[in-house]
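# A look at the structure
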Amino acid sequence: ALAPRIIGMGVAMATLAALARILPGQKVLLVTVVISLLGGLVHGLGAKTAFPFGPFVYSVAAGPQFFNALAWPIPLIWIIAILNTRGVAKLMLRPWRKLRSYGFGLIGLTATLVMLFDLALEPFAAHANHYWRWLPTKFPVTWYDAPLVNFLGWLLTALLILVFTTPALTLKTSRARKSRVDYHPLVVWLLLLTLFATSAFRNQLWTAAGLCVLTGI
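Parameters at a glance
- Residues numbered from 1 in each chain as written.
- Predicted model: local features only at pLDDT ≥ 70, side-chain atom pairs only at ≥ 80, totals over all residues.
- Heavy atoms only, no water.
- Axes fitted to C-alpha atoms, helices over the stretch in contact; angles between N-to-C directions.
- Helix = DSSP H or I, 4+ residues; strand = E, 2+ residues; numbered from the N terminus.
- Left-handed = near helix turned anticlockwise from the far one by under 90°.
- Contact = heavy atoms within 4.5 Å.
- Nonpolar A, V, L, I, M, F, W, Y, C, P; charged D, E, K, R; others polar.
- Phe/Tyr/Trp six-rings, centres within 6.5 Å; stacked < 30°, edge-to-face > 60°.
- Buried < 20%, exposed > 50% of the residue type's maximum accessible area, 1.4 Å probe, protein only.
- Arc of directions from axis to C-beta.
- Expected span 1.5 Å × (residues − 1).
- Salt bridge = Lys/Arg side-chain N within 4 Å of Asp/Glu carboxyl O.
- Patch = residues over 30% accessible without salt bridge, like charges linked within 9 Å, V, L, I, M, F, W, Y side chains within 5 Å.
- Areas by Shrake-Rupley, 256 points an atom, 1.4 Å probe, with all protein chains shown as cover.
- Lys, Arg positive; Asp, Glu negative; His and termini not counted.
- Charge placed at Lys NZ, Arg CZ, Asp CG, Glu CD.
- Core = buried A, V, L, I, M, F, W, Y, C linked by side-chain atoms within 4.5 Å.
- Polar contact = N/O pair within 3.5 Å; in protein donor to acceptor, adjacent residues only side chain to side chain.

### As for the packing of helix α4 (residues 102-128) against helix α8 (residues 206-216)
Look at α4 against α8: their axes get within 9 Å of each other, and the N-to-C directions meet at 150°. Crossing of α4 over α8 shows left-handed handedness. On the side of α4, the interface is formed by L116, L119, A120 and P123, while α8 contributes A208, L211, C212 and T215. Its residues assigned to classes, the contact of α4 with α8 shows seven nonpolar, one polar and no charged.

Here is the structure:
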(Lines give C-alpha, C1' and ligand atoms only; values in the text may rest on other atoms or scores of the structure.)
Protein backbone atom coordinates (compact mmCIF):
# COMPACT_ATOMS: atom_id res chain seq x y z
CA ALA A 1 0.00 0.00 0.00
CA LEU A 2 2.99 2.28 0.53
CA ALA A 3 4.37 2.02 -3.02
CA PRO A 4 1.48 3.84 -4.78
CA ARG A 5 1.74 6.71 -2.28
CA ILE A 6 5.48 7.04 -2.93
CA ILE A 7 4.79 6.99 -6.67
CA GLY A 8 2.16 9.69 -6.18
CA MET A 9 4.61 11.94 -4.33
CA GLY A 10 7.21 11.45 -7.06
CA VAL A 11 4.71 12.20 -9.83
CA ALA A 12 3.51 15.35 -8.05
CA MET A 13 7.08 16.61 -7.59
CA ALA A 14 7.95 15.86 -11.22
CA THR A 15 4.78 17.65 -12.35
CA LEU A 16 5.65 20.79 -10.37
CA ALA A 17 9.28 20.67 -11.53
CA ALA A 18 8.15 20.52 -15.15
CA LEU A 19 5.76 23.43 -14.58
CA ALA A 20 8.61 25.46 -13.03
CA ARG A 21 10.43 25.30 -16.38
CA ILE A 22 7.57 27.27 -17.93
CA LEU A 23 6.24 29.53 -15.16
CA PRO A 24 7.97 31.68 -12.52
CA GLY A 25 8.48 30.02 -9.15
CA GLN A 26 5.98 32.26 -7.33
CA LYS A 27 3.23 31.29 -9.77
CA VAL A 28 4.02 27.60 -9.38
CA LEU A 29 3.80 28.03 -5.60
CA LEU A 30 0.52 29.93 -5.89
CA VAL A 31 -1.02 27.31 -8.16
CA THR A 32 0.14 24.50 -5.87
CA VAL A 33 -1.40 26.13 -2.80
CA VAL A 34 -4.70 26.94 -4.52
CA ILE A 35 -5.13 23.44 -5.99
CA SER A 36 -4.21 21.78 -2.70
CA LEU A 37 -6.50 23.99 -0.63
CA LEU A 38 -9.56 23.87 -2.89
CA GLY A 39 -9.22 20.17 -3.70
CA GLY A 40 -8.57 19.36 -0.05
CA LEU A 41 -11.43 21.50 1.27
CA VAL A 42 -13.97 20.02 -1.13
CA HIS A 43 -12.80 16.48 -0.38
CA GLY A 44 -12.87 17.17 3.35
CA LEU A 45 -16.40 18.47 2.98
CA GLY A 46 -17.27 15.35 1.01
CA ALA A 47 -15.95 13.06 3.75
CA LYS A 48 -18.04 14.83 6.38
CA THR A 49 -21.27 15.50 4.45
CA ALA A 50 -21.21 13.18 1.38
CA PHE A 51 -21.44 16.30 -0.82
CA PRO A 52 -20.52 16.55 -3.68
CA PHE A 53 -18.99 13.08 -4.21
CA GLY A 54 -21.34 10.79 -2.33
CA PRO A 55 -20.81 8.93 0.96
CA PHE A 56 -17.38 7.40 1.53
CA VAL A 57 -14.94 6.69 4.36
CA TYR A 58 -11.15 6.47 4.28
CA SER A 59 -9.39 3.27 5.31
CA VAL A 60 -6.15 2.87 7.26
CA ALA A 61 -4.38 2.19 3.94
CA ALA A 62 -4.99 5.82 2.90
CA GLY A 63 -2.58 6.99 5.61
CA PRO A 64 -2.86 9.78 8.19
CA GLN A 65 -5.79 12.17 7.93
CA PHE A 66 -6.14 15.90 8.54
CA PHE A 67 -8.95 16.62 11.03
CA ASN A 68 -10.21 13.06 10.52
CA ALA A 69 -11.66 14.20 7.17
CA LEU A 70 -8.88 14.39 4.58
CA ALA A 71 -6.33 11.71 3.72
CA TRP A 72 -2.96 13.35 3.08
CA PRO A 73 -2.48 12.04 -0.51
CA ILE A 74 -5.68 13.74 -1.77
CA PRO A 75 -4.13 17.20 -2.37
CA LEU A 76 -1.32 15.49 -4.31
CA ILE A 77 -3.87 13.67 -6.45
CA TRP A 78 -5.55 16.98 -7.29
CA ILE A 79 -2.20 18.57 -8.22
CA ILE A 80 -1.39 15.64 -10.50
CA ALA A 81 -4.87 15.55 -12.03
CA ILE A 82 -5.32 19.27 -12.70
CA LEU A 83 -1.87 20.16 -14.01
CA ASN A 84 -1.29 17.11 -16.19
CA THR A 85 -4.79 16.97 -17.68
CA ARG A 86 -4.54 20.68 -18.47
CA GLY A 87 -1.27 19.99 -20.29
CA VAL A 88 -2.89 17.18 -22.27
CA ALA A 89 -5.85 19.42 -23.09
CA LYS A 90 -3.46 22.11 -24.37
CA LEU A 91 -1.86 19.59 -26.71
CA MET A 92 -5.25 18.42 -27.96
CA LEU A 93 -6.45 21.99 -28.59
CA ARG A 94 -3.17 23.33 -29.99
CA PRO A 95 -4.51 23.66 -33.58
CA TRP A 96 -7.25 25.98 -32.26
CA ARG A 97 -5.23 28.02 -29.75
CA LYS A 98 -5.79 31.27 -31.69
CA LEU A 99 -9.59 31.11 -31.45
CA ARG A 100 -11.33 33.48 -29.04
CA SER A 101 -13.11 30.58 -27.38
CA TYR A 102 -9.85 28.71 -26.77
CA GLY A 103 -9.69 29.60 -23.07
CA PHE A 104 -13.18 28.34 -22.33
CA GLY A 105 -12.57 25.23 -24.41
CA LEU A 106 -9.35 24.55 -22.49
CA ILE A 107 -11.13 24.80 -19.14
CA GLY A 108 -14.01 22.60 -20.28
CA LEU A 109 -11.78 19.93 -21.83
CA THR A 110 -9.47 19.90 -18.79
CA ALA A 111 -12.41 19.38 -16.42
CA THR A 112 -13.70 16.57 -18.63
CA LEU A 113 -10.29 14.89 -18.66
CA VAL A 114 -10.12 15.20 -14.85
CA MET A 115 -13.42 13.34 -14.68
CA LEU A 116 -12.00 10.61 -16.97
CA PHE A 117 -8.92 10.51 -14.74
CA ASP A 118 -11.13 9.80 -11.75
CA LEU A 119 -13.02 7.11 -13.66
CA ALA A 120 -9.66 5.37 -14.18
CA LEU A 121 -8.48 6.12 -10.63
CA GLU A 122 -11.47 4.78 -8.69
CA PRO A 123 -11.04 1.05 -9.46
CA PHE A 124 -7.31 1.36 -8.68
CA ALA A 125 -7.66 3.35 -5.44
CA ALA A 126 -10.92 2.10 -3.94
CA HIS A 127 -11.47 -1.36 -5.41
CA ALA A 128 -7.92 -2.72 -5.75
CA ASN A 129 -5.98 -0.87 -3.02
CA HIS A 130 -8.86 -0.07 -0.64
CA TYR A 131 -7.81 3.50 0.18
CA TRP A 132 -11.43 4.43 0.72
CA ARG A 133 -14.78 2.64 0.82
CA TRP A 134 -17.99 3.80 -0.79
CA LEU A 135 -21.18 3.55 1.23
CA PRO A 136 -24.49 2.45 -0.34
CA THR A 137 -26.80 5.05 -1.85
CA LYS A 138 -30.41 4.95 -3.03
CA PHE A 139 -29.29 5.06 -6.67
CA PRO A 140 -28.28 1.51 -7.66
CA VAL A 141 -25.99 2.32 -10.63
CA THR A 142 -22.32 2.61 -9.62
CA TRP A 143 -18.84 2.42 -11.14
CA TYR A 144 -16.96 -0.13 -9.05
CA ASP A 145 -18.99 0.93 -6.00
CA ALA A 146 -18.48 4.66 -6.67
CA PRO A 147 -21.78 6.51 -7.19
CA LEU A 148 -22.11 8.36 -10.47
CA VAL A 149 -22.51 11.66 -8.60
CA ASN A 150 -18.85 11.28 -7.57
CA PHE A 151 -17.69 11.93 -11.11
CA LEU A 152 -19.95 14.95 -11.47
CA GLY A 153 -18.40 16.18 -8.22
CA TRP A 154 -14.91 15.81 -9.68
CA LEU A 155 -15.97 17.66 -12.81
CA LEU A 156 -17.43 20.59 -10.86
CA THR A 157 -14.52 20.72 -8.43
CA ALA A 158 -12.08 20.78 -11.35
CA LEU A 159 -14.01 23.68 -12.90
CA LEU A 160 -13.86 25.56 -9.57
CA ILE A 161 -10.11 25.03 -9.27
CA LEU A 162 -9.50 26.06 -12.88
CA VAL A 163 -11.44 29.30 -12.42
CA PHE A 164 -8.98 30.33 -9.69
CA THR A 165 -5.77 28.93 -11.22
CA THR A 166 -6.13 29.69 -14.94
CA PRO A 167 -4.90 33.33 -14.64
CA ALA A 168 -1.69 32.15 -12.97
CA LEU A 169 -1.24 29.28 -15.44
CA THR A 170 -1.71 31.47 -18.54
CA LEU A 171 1.46 32.63 -20.27
CA LYS A 172 1.74 36.12 -21.67
CA THR A 173 1.41 36.24 -25.46
CA SER A 174 5.07 36.98 -26.18
CA ARG A 175 6.30 34.24 -23.86
CA ALA A 176 3.70 31.77 -25.17
CA ARG A 177 5.03 32.21 -28.70
CA LYS A 178 8.58 31.39 -27.57
CA SER A 179 7.61 28.40 -25.41
CA ARG A 180 8.13 24.90 -26.82
CA VAL A 181 5.46 22.27 -26.99
CA ASP A 182 5.45 20.52 -23.61
CA TYR A 183 4.92 16.75 -23.82
CA HIS A 184 5.67 16.07 -20.16
CA PRO A 185 1.98 16.09 -19.09
CA LEU A 186 1.11 13.63 -21.86
CA VAL A 187 3.87 11.26 -20.75
CA VAL A 188 2.68 11.43 -17.14
CA TRP A 189 -0.94 10.97 -18.24
CA LEU A 190 -0.12 7.84 -20.25
CA LEU A 191 2.09 6.38 -17.51
CA LEU A 192 -0.66 6.82 -14.93
CA LEU A 193 -3.22 5.22 -17.22
CA THR A 194 -0.80 2.36 -17.74
CA LEU A 195 -0.49 1.95 -13.97
CA PHE A 196 -4.27 1.96 -13.52
CA ALA A 197 -4.78 -0.44 -16.45
CA THR A 198 -2.12 -2.83 -15.15
CA SER A 199 -3.79 -2.89 -11.74
CA ALA A 200 -7.17 -3.47 -13.36
CA PHE A 201 -5.86 -6.38 -15.43
CA ARG A 202 -4.21 -7.95 -12.37
CA ASN A 203 -7.46 -7.73 -10.43
CA GLN A 204 -9.58 -8.86 -13.40
CA LEU A 205 -11.43 -5.54 -13.56
CA TRP A 206 -11.91 -5.82 -17.30
CA THR A 207 -14.25 -2.86 -17.80
CA ALA A 208 -11.90 -0.57 -15.90
CA ALA A 209 -8.93 -1.84 -17.90
CA GLY A 210 -10.80 -1.19 -21.13
CA LEU A 211 -11.64 2.36 -20.02
CA CYS A 212 -7.96 3.08 -19.30
CA VAL A 213 -6.93 1.81 -22.73
CA LEU A 214 -9.65 3.80 -24.53
CA THR A 215 -8.85 6.95 -22.54
CA GLY A 216 -5.18 6.62 -23.41
CA ILE A 217 -6.00 6.25 -27.08
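The structure having been displayed, the exposition proceeds.
### Looking at the packing of aromatic side chains
The tally for this structure, following the rule as stated, stands at nine aromatic pairs. Pairing W143 with Y144 gives two aromatic rings, centres 5.0 Å apart and planes at 85°, and the pair type is edge-to-face. By the burial criterion, W143 is buried, and Y144 matches it. Ring centres of F201 and W206 lie 6.0 Å apart, and the angle between their planes is 55°; this geometry places the pair in the tilted category. Relative accessible area serves as the criterion here: at 53%, W206 is assigned to the exposed category. A connected cluster of aromatic rings, assembled from ring pairs, spans F56, Y58, W132 and W134.

### Let's talk about α8
Within α8, the full set of buried residues consists of A208, A209, L211, C212 and T215. Projection of α8 onto a plane perpendicular to its axis shows the buried side chains occupying an angular sector of 160°, all on one side. Residues of α8 that are exposed and angled more than 90 degrees away from the buried face: W206, T207 and L214. Residues of α8 that are buried in the fold lie against α4, β5 (142-143) and α7 (184-202).

### Considerations on helix α2 (residues 25-49)
Between its terminal C-alpha atoms α2 stretches 36 Å, which fits the 36 Å expected from 25 residues at 1.5 Å a residue. Regarding α2, the residues found buried are V28, V31, T32, V34, I35, L38, G39, G40, V42, H43, G44 and G46. Where α2 terminates, the next one or two residues include A50, which has phi positive at roughly 70°.

### Digging into the pattern of salt bridges
Across all of its chains, the model carries one salt bridge by this definition. In this structure, the salt-bridge partner of D182 is R21, at a minimum N-O distance of 3.8 Å. Here D182, found in the loop between α6 (173-178) and α7, pairs with R21, found in the loop between α1 (2-20) and α2; they are 161 residues apart in sequence, far enough to count as distant.

### What to know about a positive patch on the surface
A cluster of basic side chains, namely K90, R94, R97 and K98, defines a positive patch on the protein surface. With respect to the helices and strands, R97 occurs in the loop between α3 (73-92) and α4.

### Quick notes on the nonpolar core
Residues W78, F117, W132 and W154 are the most contacted members of the largest nonpolar core, which totals 65 residues. Broken down by element, the residue count for this core peaks at 12 residues, all from α4.

### Details of the environment of W143
Mapping W143 onto the fold places it in strand β5. The spacing of W143 and L169 is 26 residues in sequence and 32 Å in space, taken between C-alpha atoms. Those residues in contact with W143 that sit more than four places away from it in its chain are L119, E122, P123, L148, F151, T207, A208 and L211. Within the local environment of W143, its side chain forms a polar contact with the backbone oxygen of L119, the two atoms lying 2.9 Å apart.

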